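Residue-level structural notes
Residues per chain, in single letters:
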Amino acid sequence: MIFLLFFGAPMAVAILAEYLCCRLPKHRWWRWLPPGLTLALALLGVLYRSHEWGAGVPLETLLFFPGLPALGILCGCILGYKLWKRLWTPRVK
């Protein structure tokens, strides 16, 4: 259940976001919006959590909360891009 909450749900949202960012806009820079936001928010989460704990921050807390959802989102971005590419790229026989 924890895995679905911290990995599966962010991955499902990221698949949808990446697919829509690849499918709907005309400019290519929109494709980089979901992964870029993910990396920025994960970095902010790590900085906030490490500042909150001070010098003795346990590494497991940084890997579990900002790390696992960020990994799920990045995997979802890759899968969303691959889904868009598979559905909308012309196939030559």
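Above: the structure in question.
A short tour of the structure in this document, coming up.

1. Some remarks on the packing of aromatic side chains
To describe a pair of aromatic rings, you give the distance between the ring centres and the angle between the ring planes. Applying the stated criterion to the full structure yields 5 aromatic pairs. With centroids separated by 6.3 Å and ring planes inclined at 80°, the aromatic side chains of F6 and F65 adopt a geometry described as edge-to-face. On the criterion of sequence distance, the pair formed by F6 in helix α1 (residues 2-23) and F65 in helix α3 (residues 59-88) is long-range, its members being 59 residues apart. Its relative accessible area of 18% is what places F6 among the buried residues. F65 gets classed as partly exposed once you look at its relative accessible area, which sits at 42%. Here the aromatic residues F6, F64 and F65 are joined through ring pairs into a cluster of three or more. One cation-aromatic arrangement involves R23 over W88; the distance from NZ or CZ to the ring centre is 3.6 Å.

2. Notes on the packing of helix α2 (residues 33-53) against α3
Axis separation between α2 and α3 bottoms out at 10 Å; the angle between their running directions is 180°. In this view, α2 runs roughly antiparallel relative to α3, as classed from their interaxial angle. Between α2, through P34, P35, T38, L39, A42, G45, V46, R49, S50 and W53, and α3, the contact on the second element is made entirely by T61, L62, F65, P66, A70, I73, L74 and C77. Here the contact of α2 with α3 is composed, by residue class, of 13 nonpolar, 4 polar and 1 charged.

3. Focus on the layout of surface pockets
By volume, the largest pocket is sized at about 240 Å³. Elements represented by at least two residues in the lining of the largest pocket include exactly α1, α2 and α3. Here the second largest pocket defines a volume of roughly 180 Å³. Lining the second largest pocket are E18, R31, W32, P35, L74, C77, I78 and Y81. For the lining of the second largest pocket, a count of residues per class yields 6 nonpolar, no polar and 2 charged.

Calculation rules
Residues numbered from 1 in each chain as written. Predicted model: local features only at pLDDT ≥ 70, side-chain atom pairs only at ≥ 80, totals over all residues. Heavy atoms only, no water. Phe/Tyr/Trp six-rings, centres within 6.5 Å; stacked < 30°, edge-to-face > 60°. Helix = DSSP H or I, 4+ residues; strand = E, 2+ residues; numbered from the N terminus. Buried < 20%, exposed > 50% of the residue type's maximum accessible area, 1.4 Å probe, protein only. Lys NZ or Arg CZ within 6 Å of the ring centre and 35° of its normal. Axes fitted to C-alpha atoms, helices over the stretch in contact; angles between N-to-C directions. Parallel < 35°, antiparallel > 145°, perpendicular 65-115°, else oblique. Contact = heavy atoms within 4.5 Å. Nonpolar A, V, L, I, M, F, W, Y, C, P; charged D, E, K, R; others polar. 1 Å grid on protein atoms, 1.4 Å probe; cavity = no way out; pocket = protein on both sides within 12 Å on 5 of 7 lines; lining within 4 Å. Points joined across faces, edges and corners; volume = space filled by probe spheres on them.

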